[in-house]
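Residue-level structural notes
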Amino acid sequence: MALSRDWMYENNGGTCVAIAGADYCVVAADTRLSIGYSIYTRDYSKICKLTEKCVLASSGFQGDIKALQKNLAAKHLIYQHQHNKQMSCPAMAQLLSNTLYFKRFFPYYAFNVLGGLDNEGKGCVFTYDAVGSYERVGYSAQGSGSTLVMPILDNQLKSPSPLLLPARDAVTPLSEADAVDMVKDVFASATERDIYTGDKLEIVILNASGVRREFMDLRKD
Amino acid sequence: MFLTRTEHDRGINTFLLEGRLLQIEYAIKATKLGSTAIGLKTKEGVVLAVEKPSPLLDIDEQIGCAMSGLIADACPLVEHVRVESQNHRFSYGEPMSVVSTAQALCDLAHRFGEGNKEYMSRPVGVSLLIAGHDENGPKLCVAKAIGSGSEGADSALQKQYNKDITLQEAETTALSILKQVMEEKEGIFPYYFVSFPFPDHQNNADIGFCLLFR
């Protein structure tokens, strides 16, 4: 139970996925909010648009996540006033890392995936742990269904292996439409086996023409 | 104007009837006593030229400044803005833009007055040329001269400067103008700030400093 002296967190479940492409980025999350074996709501968005080019999807304790999103949005506003421009996705990535580490000794219970377009318009995905350790990757999954989703993405996205030398960019060569289809398939599979994932899938696609949102129904059991 | 004798007992931040702040005007006069510094911006980079090496300081990898006036006044400002620049790199993983750096400097420069312990007791008596490059390319307040030779230098710059000169031409121009306005003709230390319109931000090898002794 949240707010007892010795355990101040809850896990509201859910899965978040992001895939980076050559000129797009797909960020997706289910919309189920759970607690224990109950469902609080079937229609809760885990995705937050931080800037025109940067979207955050988080799974974990949604109370902490709401606070984290507000924190980042406020810092972004101050940045815009001071520097007369929006934050780039890599800058937001660094800021998120610092914000999480700032609470190293009472962490945000948030498992984040940050997706967007970098300064050159290429897709970028940053994946985090709860205290801010982060890495730029080509794709990532976090949350209760992440262990079910990651192996499929490893297998199907045809991204260059991270073991290759010279180091290659990890973005997938798939087209935007293929990546979106992949995300839908992957969530449909995760929903089958993970009880905390389901109800509805929210997909946010960022590319040069802007930000687009799609929804897909998932199994409700 | 004949009333200035009796105005010195006013507070630093008190306006005169005519709407002037005496201390600020006197501070500007103090900067005119300093050694000349010239800055020129070209499409390829920015050149800062000064009479002596001490007024040239770097703020970060890609930004530097030239000062004129009471150099000692500028040192804490530059220290502060160096820290701001590194804080920015720490928080956002990117270099601070030239305009933001200048803004950070200016934020400190106007913190003077009585009654607040954190404030300076008087305005700074130094003017600065801040030059560097950021994602918008090389940056400086176009072609400017500050310091004692500034009027002469400015008029010479009007004639010899245009936006499209190359970096080489700019260096030569800056040096020749500096020589013209300097009283003692020995030892000029030009300081290049060379930047190229870089297509890929990772390649920092092109960006560097040169210090030339002539």
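Thresholds, definitions, all that
- Counting restarts for each chain, with residues numbered from 1 along the sequence as it is written.
- Working convention: letters from A go to chains and numbers from 1 go to ligands, in the order in which they are written.
- Where totals are concerned, whole chains, interfaces and linings use all residues; where local detail is concerned, this predicted model gives features only for residues with pLDDT of at least 70, and gives and counts side-chain atom pairs only at 80 or more.
- To obtain the side-chain values, all non-hydrogen atoms of the structure were included, while hydrogens and water were left out.
- Working definition: helices are DSSP H or I runs of at least four residues, strands are E runs of at least two. Numbering for both runs from the N terminus.
- Values of the radius of gyration come from C-alpha atoms, whereas the globule rule sets the reference at 2.2 Å times the count of residues to the power 0.38.
- In what follows, a contact means two residues having at least one pair of non-hydrogen atoms within 4.5 Å.
- Within this scheme the basic residues Lys and Arg register as positive and the acidic residues Asp and Glu register as negative, but His and the chain ends are omitted.
- All charge positions are set by atom: Lys at NZ, Arg at CZ, Asp at CG, Glu at CD.
- Relative accessibility thresholds used throughout: buried, under 20% of the residue-type maximum; exposed, over 50%; partly exposed, between the two (1.4 Å probe, protein chains only).
- Throughout, the Shrake-Rupley method with a 1.4 Å probe supplies accessible areas, and for residues the shown protein chains are the sole cover considered.
- The term buried area denotes the loss of accessible surface (1.4 Å probe radius) that occurs when two parts are joined, taken as the sum for both partners.
- Throughout this description, the term salt bridge denotes a Lys or Arg side-chain nitrogen within 4 Å of a carboxyl oxygen of Asp or Glu.
- Residues are sorted three ways: Asp, Glu, Lys and Arg are charged, Ala, Val, Leu, Ile, Met, Phe, Trp, Tyr, Cys and Pro are nonpolar, and all the rest, Gly among them, are polar.
- Without a salt bridge and with relative accessible area above 30%, a residue can belong to a patch; like charges are then joined within 9 Å and nonpolar side chains (Val, Leu, Ile, Met, Phe, Trp, Tyr) within 5 Å.
- Strand pairing requires that DSSP identify at least two bridges connecting the strands.
- With axes taken as lines fitted to C-alpha atoms, and helix axes fitted only over the stretch in contact, angles between N-to-C directions fall between 0 and 180 degrees.
- Each angle gets one of four labels, with under 35 degrees taken as roughly parallel, over 145 as roughly antiparallel, 65 to 115 as roughly perpendicular, and the rest as oblique.
- Two helices that cross are described as forming a left-handed crossing if the nearer one is turned anticlockwise from the farther one by less than a right angle, and a right-handed crossing if clockwise.
- In this scheme Phe, Tyr and Trp rings, the latter by its six-membered ring, pair at centre separations within 6.5 Å, and the angle between planes marks the pair as stacked below 30 degrees, edge-to-face above 60, and tilted otherwise.
- Think of it as a cone above the ring: NZ of Lys or CZ of Arg counts as a charge over the ring if it is within 6 Å of the ring centre and within 35 degrees of the ring normal.

Looking at an unreviewed UniProt entry, one finds chain A named Proteasome subunit beta and attributed to Elaeis guineensis var. tenera.

1. Comments concerning the overall build of chain A
On a plain count of helices and strands, chain A comes out with 4 helices and 12 strands. A compact globule built from 221 residues would reach a C-alpha radius of gyration of about 17 Å, and chain A, at 17 Å, matches this within 12%. Judged by the C-alpha coordinates and their principal axes, chain A covers about 50 × 45 × 35 Å. Sequence separation of at least 24 residues holds for 61% of the intrachain contacts in chain A that already meet a minimum separation of 6. Measuring between centres, the 23 positive side-chain charges of chain A sit 5 Å from its 24 negative side-chain charges.

2. Quick notes on the overall build of chain B
Each helix and strand counted, chain B has 6 helices and 9 strands in total. Across the 214 residues in chain B, those meeting the buried criterion constitute 45%. Of all intrachain contacts in chain B linking residues separated by at least 6 positions in sequence, the fraction that spans at least 24 positions is 64%. Of the accessible surface of chain B, which amounts to about 11800 Å², a share of 56% is contributed by carbon and sulfur atoms.

3. Comments concerning the interface of chain A and chain B
Chain A puts 11 residues into the contact, and the matching count from chain B is 9 residues. Here chain A meets chain B over a buried area of about 890 Å², counting both sides, of which 44% is carbon and sulfur. Here chain A and chain B share 0 salt bridges between them. In terms of residues, the side of chain A that touches chain B owes the most to one element, helix α2 (residues 89-102) of chain A, which gives 5 residues. Of the residues belonging to the side of chain A that touches chain B, the class tally is 5 nonpolar, 5 polar and 1 charged.

4. Description of a nonpolar patch on the surface
On the surface, L3, M8 and F106 of chain A cluster together to form a nonpolar patch covering roughly 330 Å² of accessible area. The topology assignment puts F106 of chain A in the loop between α2 and β7 (110-117).

5. Some details on the sheet that holds strand β6 (residues 54-60) of chain A
Residue and element names in this part refer to chain A. If you trace the 5 strands from one edge of the open sheet to the other, you get β5-β6-β7-β8-β9, paired in antiparallel fashion. Each edge of the open sheet is held by one strand with a lone partner, namely β5 (47-51) and β9 (134-137). Taken over all neighbouring pairs, the strand axes of this sheet differ in orientation by 25° on average, direction set aside. Taken together, the 4 bridges between β5 and β6 define a ladder with antiparallel strand orientation. Note that in β6 the partner of T51 across the bridge is C54. With respect to the sheet, helix α1 (residues 62-83) is in contact with β5, β6 and β7, its orientation differing from that of β6 by roughly 160°. Packed on one face of the sheet, α2 meets β5, β6, β7, β8 (123-128) and β9 and runs near 5° to β8.

6. Here's the deal with the pattern of salt bridges
All names here are of chain A. Counted by the stated rule, this structure contains 18 salt bridges over all chains. A salt bridge links E192 to R219, with the shortest nitrogen-to-oxygen separation between them at 3.2 Å. Of this pair, E192 sits in helix α4 (residues 176-193) while R219 sits in the segment after β12 (210-217), placing them 27 residues apart in sequence. You can call E192 partly exposed: its relative accessible area is 49%.

7. A word on the packing of α1 of chain A against α2 of chain A
Between two packed helices, the angle of one axis relative to the other and the distance separating the axes together describe the packing. All names here are of chain A. The geometry of α1 relative to α2 is characterised by a closest axis approach of 11 Å and an angle of 130° between their N-to-C directions. On the basis of the axis angle, α1 is oblique to α2. You can see that α1 and α2 cross each other, and the crossing is right-handed. Along its contact with α1, which presents L68, N71, L72, K75 and H76, the element α2 presents M92, L95, L96, T99 and L100. Partitioned by chemical class, the residues of the contact of α1 with α2 number 6 nonpolar, 3 polar and 1 charged.

8. Quick look at the packing of aromatic side chains
All names here are of chain A. Here the structure, examined in full by the defined rule, presents 8 aromatic pairs over all chains. Considering the side-chain rings of Y9 and F106, the 6.0 Å spacing of their centres and the 65° angle between planes classify their relative orientation as edge-to-face. Note that Y9 is positioned in the segment before β1 (15-20) and F106 in the loop between α2 and β7, a separation of 97 residues in sequence. Judged by its relative accessible area of 12%, Y9 is buried. A ring pair is formed by F126 and Y134, whose centres lie 5.9 Å apart and whose planes are at 50°; its orientation type is tilted. Aromatic ring contacts, followed pair by pair, group W7, Y9, F61, F106, Y109 and F111 into a single cluster. Seen from the ring of F106, K103 lies directly overhead, with NZ or CZ sitting 4.5 Å from the centre. The aromatic ring of Y108 is capped on one face by K103, whose charged end is 5.2 Å from the ring centroid.

9. Concerning the sheet that holds strand β11 (residues 200-207) of chain A
Consider a sheet: its strands pair through backbone hydrogen bonds, and that pairing is either parallel or antiparallel. Residues and elements named next belong to chain A. Taken together, the 5 strands give an open sheet; going across it, the order is β10-β1-β2-β11-β12, and neighbouring strands pair in antiparallel fashion. Looking along the sheet, the strands with just one partner apiece sit at the ends: β10 (139-143) and β12. The average undirected angle you get between the axes of adjacent strands in this sheet is 15°. With 8 bridges connecting them, β11 and β12 associate as antiparallel partners. Within β12, the residue paired with K200 across the bridge is D217. Relative to the sheet, helix α3 (residues 146-156) contacts β1 and β10, its axis offset from that of β10 by approximately 170°.

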